[in-house]
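Architecture at a glance
Residues per chain, in single letters:
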Amino acid sequence: MELNEMPFEGERPIDGYGPGFFRVGGVAHEGALAVLPGGVTPWGGWQDLETLLHARDRIDVLLVGTGGEIAHAPEQFRAALEETGLGVEVMASPAACRTYNVLLSEGRRIGAALLPVG
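On a predicted model such as this, the values are computed, not experimentally measured, just so you know. (Residues numbered from 1 in each chain as written. Predicted model: local features only at pLDDT ≥ 70, side-chain atom pairs only at ≥ 80, totals over all residues. Heavy atoms only, no water.)

**Looking at the environment of Thr41**
Structurally, Thr41 can be placed in strand S5 (residues 39–42). Placed 12 residues apart in sequence, Thr41 and His29 show a C-alpha to C-alpha distance of 8.8 Å. Apart from residues no more than four positions distant in its own chain, Thr41 is found in contact with Leu33, Ala34 and Thr51. (Helix = DSSP H or I, 4+ residues; strand = E, 2+ residues; numbered from the N terminus. Contact = heavy atoms within 4.5 Å.)

This is how it looks when you write it as structure tokens:
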């Protein structure tokens, strides 16, 4: 089997996650997190649209990680983001981390809002 290193064009991949934390670019961050072009910031969860809307001109798709299991995003949350033209994909946080890294390596304009796994 041949392994190839994935290029990330200056942005930091999500290296790992565990109970209550995510590791992005080698740095551990506690709690919910927004991984957006140019940086990583705490995310206040479903009520914190402002953090995500600041990046709407720099991303095309926002991956939303709902924790250890997939769950529905609140309709108001999804609608507010989609009204700006932003694509929203909801999945469990482990799947969102993997998908983020793949799309990032392809040079896609991607962001992630992640709730920690339990």
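**A word on the side chain of Thr51**
Note that Thr51 resides in helix H1 (residues 49–53). A distance of 2.8 Å separates the side chain of Thr51 from the side chain of Asp48, its partner in a polar contact. In this structure, Thr51 is in contact with Ala34, Leu36, Thr41, Pro42 and Trp43, ignoring residues within four places of it in sequence. (Polar contact = N/O pair within 3.5 Å; in protein donor to acceptor, adjacent residues only side chain to side chain.)

**Digging into the pattern of salt bridges**
Inspection of the entire model under this criterion finds two salt bridges. The closest approach of N and O atoms between Asp60 and Arg109, which form a salt bridge, is 3.2 Å. Of this pair, Asp60 sits in the loop between H1 and strand S6 (61–66) while Arg109 sits in the loop between helix H3 (93–105) and strand S8 (110–115), and the two are 49 residues apart along the sequence. Since its relative accessible area comes to 41%, Asp60 is described here as partly exposed. Where Arg78 meets Glu82, a salt bridge forms, and the shortest distance between an N and an O atom there is 3.2 Å. Placement of both Arg78 and Glu82 in helix H2 (residues 75–82) is noted, with a separation of four residues, approximately one turn of the helix. A relative accessible area of 37% places Glu82 in the partly exposed class. (Salt bridge = Lys/Arg side-chain N within 4 Å of Asp/Glu carboxyl O. Buried < 20%, exposed > 50% of the residue type's maximum accessible area, 1.4 Å probe, protein only.)

**Regarding the nonpolar core**
Trp43, Leu52, Leu62, Val64, Phe77 and Leu81 are the most contacted members of the largest nonpolar core, which has 18 residues in total. Counting only elements with at least two residues in this core, the list comes to strand S4 (33–36), H1, S6, H2, strand S7 (87–91) and S8. By size, the runner-up hydrophobic cluster in this structure holds 16 residues, among which are Ile14, Phe22, Leu63 and Tyr100. (Core = buried A, V, L, I, M, F, W, Y, C linked by side-chain atoms within 4.5 Å.)

**Quick word on the pairing of S7**
In summary, the side chains of a regular strand alternate between the two faces of the sheet. Bridge count for S6 against S7 is five bridges, and the pairing is parallel. Counterpart to Leu63 in the pairing with S7 is Glu89. Read from S6 through H2 to S7, the crossover connection turns out right-handed. (Pairing = 2+ DSSP bridges. Right-handed = clockwise from strand over helix to strand, strands pointing away.)

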